[in-house]
Amino acid sequence: MAEIKDPENTVIIELKEGNVVIELLADVAPKHSERMKELARSGAYDGVVFHRVIEGFMAQTGDVQFGKSTGDIRMAGRGGSELSDLPAEFSKLPHARGTLGAARSQSPDSANSQFFINFSDNDFLNGQYTVYGRVIEGMEHVDAITRGEPPAKPDTMISVKVAADVA
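What comes next is a walk through the structure.

**Some details on the overall build of the chain**
For the chain, the count of helices and strands is two helices and 10 strands. Listing each helix as α and each strand as β along the chain from the N terminus yields β-β-α-β-β-β-β-β-β-α-β-β. In terms of C-alpha radius of gyration, the chain reaches 14 Å, essentially the compact-globule figure of 15 Å for 167 residues. Overall size of the chain, expressed as C-alpha extent along the three principal axes, is 40 × 35 × 30 Å.

Right, dumping it as C-alpha cells:
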C-alpha cells in the first residue's frame, strides 16, 4: 500500500477487486471530510452499493438509507443518513479523474452521505459540487465497478474505514 501521509484524513474503501485509498481534503472541505469519517467509523457505509455508474463519467454510492446490499435497493440514490445535510464547500479544485465529489439534489446545501468518484475530468461540475477527496491508490478498482443506472448486479463497498483506525 502507498505511504499514507495523514491516516486521520484517509479512508480505505474495500471493493471486491481490492482497496481504494482516498485522501480526504479536510483543509478544503472540512465538513464533508468529517461527515465521511463519521459515517465510516459508524459502519454506515459498509455494504452500500454503487447505484449509479456511468461510463466515462462517475460512480455514485453512499446512500446509507436505501443502498444497503442486504435490502431492497430500488430506492437507492434517494436517501441519505440520519445526520443533517451539509452546506456546500465549493472550491477552485477541479472535478478531475479520481476526485471525490459530494452528491446532492438541486439545492447546493443538500449533500449528506452520498458521493461519487470521477472516472474522467468532469470540468462541467466545477464550482457546482463539493470536491473533498482524491483517490491516491486503487483507481483501477474504481474503473472496474459495474456500470448501470442502476447496475443489474451492483458492486458494493464491502467496508469503509478511516486509515487511522486500521491496525
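Having put the structure on the table, let's press on.
**Some words on the side chain of His 141**
Mapped onto the elements of the fold, His 141 is located in helix H2 (residues 139-143). For His 141, a relative accessible area of 17% gives the class buried.

**Quick word on the layout of surface pockets**
Roughly 350 Å³ of internal volume is contained in the largest pocket. Considered class by class, the residues forming the lining of the largest pocket number six nonpolar, nine polar and four charged. Considering only enclosed or pocket space, the second largest pocket measures out at about 190 Å³ in volume. Surrounding the second largest pocket, His 51, Arg 52, Gln 60, Ile 73, Arg 74, Ala 76, Gly 77, Arg 78, Gln 114, Glu 149 and Pro 150 form its lining. In terms of residue class, the lining of the second largest pocket is built from three nonpolar, four polar and four charged.

**Details of the sheet that holds strand E4 (residues 52-54)**
Overall, antiparallel pairing links the eight strands, which are arranged E4-E5-E7-E6-E8-E2-E1-E10 in an open sheet. The open sheet terminates on both sides in strands that have one partner only, identified here as E4 and strand E10 (159-162). When strand polarity is set aside, the average angle formed by the axes of neighbouring strands in this sheet is 25°. Taken strand by strand, helix H1 (residues 30-42) contacts strand E1 (10-15), strand E2 (18-24), strand E6 (99-102), strand E7 (115-118), strand E8 (131-137) and E10, and its axis lies near 120° from that of E10.

**Digging into the packing of aromatic side chains**
Scanning the model with the defined rule gives three aromatic pairs in all. Each ring, one from Phe 116 and one from Tyr 129, has its centre 6.0 Å from the other, and the planes form 80°; the classification is edge-to-face. Residue Phe 116 is found in strand E7, and its partner Tyr 129 is found in the loop between E7 and E8; the two are separated by 13 residues along the sequence. Under the relative-accessibility criterion, Phe 116 is labelled buried at 5%. Between Arg 104 and the ring centre of Tyr 129, over which it is positioned, the NZ or CZ distance is 4.3 Å. When the ring centre of Phe 119 is taken as reference, the NZ or CZ atom of Arg 147 above it lies at 4.1 Å.

**Concerning the environment of Asn 19**
Among the secondary structure elements, Asn 19 is positioned in strand E2. Residue Asn 19 is classed as partly exposed on the basis of its relative accessible area, which comes to 35%. Sequence separation between Asn 19 and Phe 119 is 100 residues, and the spatial gap between their C-alpha atoms is 16 Å. Setting aside anything within four residues of it in sequence, one finds Asn 19 in contact with Ile 12, Ile 13, Glu 14, Glu 137, Gly 138 and His 141.

**A closer look at the pairing of E1**
Within a regular strand, the side chains alternate between the two sheet faces. Burial analysis of E1 places five of its six residues in the buried class, the great majority of the element. Alignment of E1 against E2, held across six bridges, turns out to be antiparallel. Bridge pairing in E2 places Val 11 opposite Ile 22.

**Brief notes about the side chain of Glu 89**
With respect to the helices, strands and loops of the structure, Glu 89 is situated in the loop between strand E5 (58-61) and E6. As a buried residue without a salt bridge, Glu 89 has its nearest oppositely charged side chain in Lys 31, at a separation of 4.9 Å. In this structure the side chain of Glu 89 is engaged in a polar contact, spanning 3.0 Å, whose partner is the backbone nitrogen of Lys 31. A polar contact of 2.5 Å, which involves the side chain of Glu 89, links it to the side chain of His 32. Apart from residues no more than four positions distant in its own chain, Glu 89 is found in contact with Val 28, Ala 29, Pro 30, Lys 31, His 32 and Thr 130.

Calculation rules
Residues numbered from 1 in each chain as written. Predicted model: local features only at pLDDT ≥ 70, side-chain atom pairs only at ≥ 80, totals over all residues. Heavy atoms only, no water. Helix = DSSP H or I, 4+ residues; strand = E, 2+ residues; numbered from the N terminus. Rg over C-alpha atoms; globule rule 2.2 N^0.38 Å. Buried < 20%, exposed > 50% of the residue type's maximum accessible area, 1.4 Å probe, protein only. 1 Å grid on protein atoms, 1.4 Å probe; cavity = no way out; pocket = protein on both sides within 12 Å on 5 of 7 lines; lining within 4 Å. Points joined across faces, edges and corners; volume = space filled by probe spheres on them. Nonpolar A, V, L, I, M, F, W, Y, C, P; charged D, E, K, R; others polar. Pairing = 2+ DSSP bridges. Axes fitted to C-alpha atoms, helices over the stretch in contact; angles between N-to-C directions. Contact = heavy atoms within 4.5 Å. Phe/Tyr/Trp six-rings, centres within 6.5 Å; stacked < 30°, edge-to-face > 60°. Lys NZ or Arg CZ within 6 Å of the ring centre and 35° of its normal. Lys, Arg positive; Asp, Glu negative; His and termini not counted. Salt bridge = Lys/Arg side-chain N within 4 Å of Asp/Glu carboxyl O. Polar contact = N/O pair within 3.5 Å; in protein donor to acceptor, adjacent residues only side chain to side chain.

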